[in-house]
Amino acid sequence: MAKSSSLNVRVVEGRALPAKDVSGSSDPYCIVKVDDEVVARTATIWRSLSPFWGEEYTVHLPLDFHHLAFYVLDEDTVGHDDIIGKISLSREAITADPRGIDSWINLNHVDPDAEVQGEIFLAVQMLEDVRGRCLRCHVLQARDLAPRDISGASDPFARVFWGSQSLETSTIKKTRFPHWDEVLELREMPGPPSPLRVELWDWDMVGKNDFLGMVEFPPQVLQQNPPNGWFHLLPFPRAEEDSGGSLGALRLKVRLTEDRVLPSQYYQPLRELLMESVLGPAEEDAASPLAVLEELTSGDCRQELATKLVKLFLGQGLAGPFLDYLTRREVARTTDPNTLFRSNSLASKSMEQFLKLVGMPYLHEVLRPVINRVFEEKKYMELDPCKMDLGRTRRISFKGAPSEEHVREVSLGLLTGYLGPIVDTIVGSVGRCPPAIRLTFKQLRQCVEERFPQAEHKDVKNLAISGFLFLRFFAPAILTPKLFDLRDQHADPQTRRSLLLLAKAVQSIGNLGQQLGQGKELWMAPLHPFLLQSISRVRDFLDQLVDVDGKEEPGGPARALVPPSVTVREGYLLKRKEEPAGLATRFAFKKRYFRLSGEMLSYSRSPECQTRSSMPVSHIRAVERVDEGAFQLPHVMQVVTQDGAGALHTTYLQCKNVNELNQWLSALRKASAPNPDKLAAWHPGAFRSAHWTCCLQAERSVAGCSRTHSAVTLGDWSDPLDPDAETQMVYRQLLLGRDRLRMKFLEDSTLDTTPEADTEKGSSATEGACPAALAHQREAAARLLEVLADLDQAHEEFQPQEQRKVAPGPLRP
């Protein structure tokens, strides 16, 4: 049995932030930390006290996640960035409402004594001799302590309190991973039983010592279950002071999704029901799991469910029949072809997620070259006279203020210069479009054509396809390229406006000229000749796209969304030489171009270079961050591999920023997830000058001093398939509709199934249905309820085992 945990975080916007710059404004950005590890950094919004970010992240987490923190900082070109404030959310606060958090939250001051992290290993014994009771506290080590010194380390010592007595360990200099291995004995004094408190401090030669964290155990725990193991450090208990909004506020959306995932065999009956659903008549179905889910879900839940269902059916090789089932149901319900697939139904969301999951490499190939040009060239483009900045154009050209006509003419040339290559690439990409997408669109076109065969609706079959491909796939990716992994950062305001104009044009092309020249945006008229020319080419492209043979998806059941040979991440990184004898740190790292696939991590001097070095992904045993103090460099990670002889080798790579670091860490951890013999602990430092820079141990082969974080990854389109976790999520959604399903079909098991009885009942669910169809629906409903009951029982049986595992006690490495 396993447990999946995912944290969905959306940093929406800020308001009323204090001014940190002499200009009377700030340049805010937000850092997101999970248990003191940075998992994301938003873009910087320049010169704004009410920034809008709109950035969303999904983080897959280990089971012992404790808290989530948001830090807002003001970026400074010179010197350190200024901290504006912080929001800290405990696991309990996030899970208090099943819907999560969606609200404005005030920023608070950052209290250094509350910025604690790490764990301590203790072994406590309660002894008794002729002199009375004695407490023996064995302080072994600590790990991942907060850096308090400018060097990025600390000088930690432990102070043990029991009753009125206290003792201290020695001070270990310049480390966040101290090893004491000291035993402190304290005698019981007269009075009531006392708790044991262990505090960690950073010793300072000048000024007061800095607090690093504490743990405390009540007397009953000392008596019944003396502490022995790793324990999470906590801040001093104190009431959190509310700034009252003086530091501003953030609007956040946070939701923690946790599921107990049972062994695979328990989900097989539900999977079989789901698979049977898509192979039956879609229009008449009312009691299958998919029909129930379609009726129940809405909003964000529907999008998450659509993603899980698409991945589940992809893994079974039945994504085509699944999408065909949903689209046929929606087409059958639609009377006005102008509204077809315009709502966020389960069918629309599933098709949208299918395109993202299967077509992302295709999207990157089509759009990335032009998107990169737009970001790099930063050309000013504007067709709307209400938004034209004639003064800005004059400042660029130094030739006086141009007319609106001149700006429009120049902008039109630039827009067509970008749109031309986009359209050329799209219409020439038929052979590169994934076969699964082409087959799905072929089924969709046939279904729509059968439903609307009239001559006046001849365009509906093409609009159904272009609506998904252009309006829900290409256009959103152009508008927000960071969300589709086309860029690492969001666009600046000028580039964002250029992308908006391009996205509007691509939407018009996707609409195949419908409503062209109508509505409020008449200023787009100069672009219409180009759009009309492109539309005729797109019609031909759509005809070619669905001209594909085959009824089933090629390759059968999938094992992964991305074939092992396909590159999932690439780019320049700085690689440290293996043993750079005598080289300064900055010369030991060389720029190399890396490519990661499911099979290999390879690198060369440039993307075109044919001479490449590589390491098999199957050899990776850990992928971890490296402390900044190891090489006095930020954003360094390490890839630990094991050769055929069992020896471990470490490759150090430096990224250009924290987001790139997180993306590479996540991609490498996902690629190596199936590997056996993963390391549970490793060193966050480097072995230099005959010792590890993290824990100061002098033996290179000594066990790692910090836990590895293989479970911490960023959720995206390349997440591996997990049919058990996906089926568990479907089960959880079906539980919400169980009572409704029972009332709808099985409220009275002796219900008469004659036509007269059905007419008298007047139920909208069964109105007009024949007795045989009703009997089939009731049989299907009863079977589904039985499968859900079996899963209920299985969860109840496994729950005691889980409670024993998570019972209060030490945190094991």
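As shown above, the structure is provided for reference.
Scoring rules and cut-offs
Residues numbered from 1 in each chain as written. Predicted model: local features only at pLDDT ≥ 70, side-chain atom pairs only at ≥ 80, totals over all residues. Heavy atoms only, no water. Helix = DSSP H or I, 4+ residues; strand = E, 2+ residues; numbered from the N terminus. Contact = heavy atoms within 4.5 Å. Pairing = 2+ DSSP bridges. Axes fitted to C-alpha atoms, helices over the stretch in contact; angles between N-to-C directions. Core = buried A, V, L, I, M, F, W, Y, C linked by side-chain atoms within 4.5 Å. Buried < 20%, exposed > 50% of the residue type's maximum accessible area, 1.4 Å probe, protein only. Salt bridge = Lys/Arg side-chain N within 4 Å of Asp/Glu carboxyl O. Parallel < 35°, antiparallel > 145°, perpendicular 65-115°, else oblique. Nonpolar A, V, L, I, M, F, W, Y, C, P; charged D, E, K, R; others polar. Phe/Tyr/Trp six-rings, centres within 6.5 Å; stacked < 30°, edge-to-face > 60°.

**Q** Is there a simple way to explain the side chain of Ser-597 in this structure?
**A** Mapping Ser-597 onto the fold places it in strand 18 (residues 589-597). Sequence-distant contacts of Ser-597, defined by excluding residues within four places in its chain, comprise Pro-564, Ser-565, Val-566, Thr-567, Val-568, Val-617 and Ala-671.

**Q** Is there a simple way to think about the sheet that holds strand 11 (residues 165-168) in this case?
**A** Neighbouring strands of a sheet are bound in pairs by backbone hydrogen bonds; such pairs are parallel or else antiparallel. The strand order across the open sheet built from four strands is 11-10-13-14, with neighbouring strands paired in antiparallel fashion. In this open sheet, the two edge strands, each paired with only one partner strand, are strand 11 and strand 14 (210-217). Across the sheet, the mean angle separating the axes of adjacent strands is 20° when strand polarity is ignored. The pairing of strand 10 (residues 156-162) with strand 13 (residues 196-202) spans seven bridges and is antiparallel. When the bridges of strand 13 are listed, Val-160 appears paired with Val-198.

**Q** What is the right way to read the nonpolar core from this model?
**A** Most often, soluble globular proteins keep nonpolar side chains buried together rather than apart. Phe-354, Leu-367, Phe-441, Phe-470, Phe-474 and Phe-541 are the most contacted members of the largest nonpolar core, which has 113 residues in total. In terms of residue count, helix 7 (residues 346-377) provides more of this core than any other element does, 16 residues in total. Beyond its immediate sequence surroundings of up to four residues, Phe-441 is in contact with Met-351, Leu-355, Ile-465, Phe-468, Leu-469, Leu-545 and Val-546. Val-34, Val-72, Leu-107 and Val-712 belong to the second largest nonpolar core, which has 31 residues in total.

**Q** Is there a simple way to think about the pattern of salt bridges in this case?
**A** A side chain with one charge can pair with a side chain of the opposite charge if their charged atoms come near. In this structure the tally under the stated criterion is 46 salt bridges. A salt bridge links Arg-333 to Glu-294; its shortest N-O distance comes to 3.1 Å. With a gap of 39 residues between them, Arg-333 in helix 6 (residues 319-333) and Glu-294 in helix 4 (residues 289-296) connect regions that are remote in the sequence. The salt bridge involving Asp-485 is made with Arg-569; its shortest N-O contact spans 3.9 Å. Taken together, the residues span a long stretch of sequence, with Asp-485 in the loop between helix 11 (460-479) and helix 12 (493-510) and Arg-569 in strand 17 (residues 567-576) at a distance of 84 residues. Here the salt bridges do not stand alone but share partners, grouping Lys-349, Glu-352, Lys-356 and Arg-472 into one network.

**Q** Help me understand the environment of Ile-437, please; the structure alone is not making it clear to me.
**A** Mapped onto the elements, Ile-437 comes out in helix 10 (residues 435-451). Spatially, the C-alpha atom of Ile-437 lies 9.2 Å from that of Val-546, the residues being 109 residues apart in sequence. Those residues in contact with Ile-437 that sit more than four places away from it in its chain are Phe-354, Leu-355, Val-358 and Gly-359.

**Q** Sorry, what's going on with the packing of helix 10 against helix 13 (residues 528-545) here?
**A** A pair of packed helices is captured by two measures, namely the crossing angle of their axes and the spacing between those axes. Two numbers describe how helix 10 lies on helix 13: the axes approach to 9 Å, and their chain directions differ by 105°. In terms of orientation, helix 10 and helix 13 fall into the roughly perpendicular class. Contact residues: helix 10 offers Arg-438, Phe-441 and Arg-445, while helix 13 offers Leu-542, Asp-543, Gln-544 and Leu-545. Its residues assigned to classes, the contact of helix 10 with helix 13 shows three nonpolar, one polar and three charged.

**Q** So what exactly am I meant to see when it comes to the packing of aromatic side chains here?
**A** Any aromatic ring pair is given by two values, namely how distant the centres are and how the planes are angled relative to each other. If you walk through the whole model with that rule in mind, you get 17 aromatic pairs. For the ring pair Tyr-362 and Phe-474, a centre distance of 6.2 Å and an interplane angle of 50° mean the geometry is tilted. Here Tyr-362 is found in helix 7, whereas its partner Phe-474 is found in helix 11, with 112 residues between them in sequence. Of the residues examined, Phe-474 reaches a relative accessible area of 0% and is grouped as buried. Linked through ring pairs, Tyr-362, Phe-470, Phe-473 and Phe-474 together constitute an aromatic cluster.

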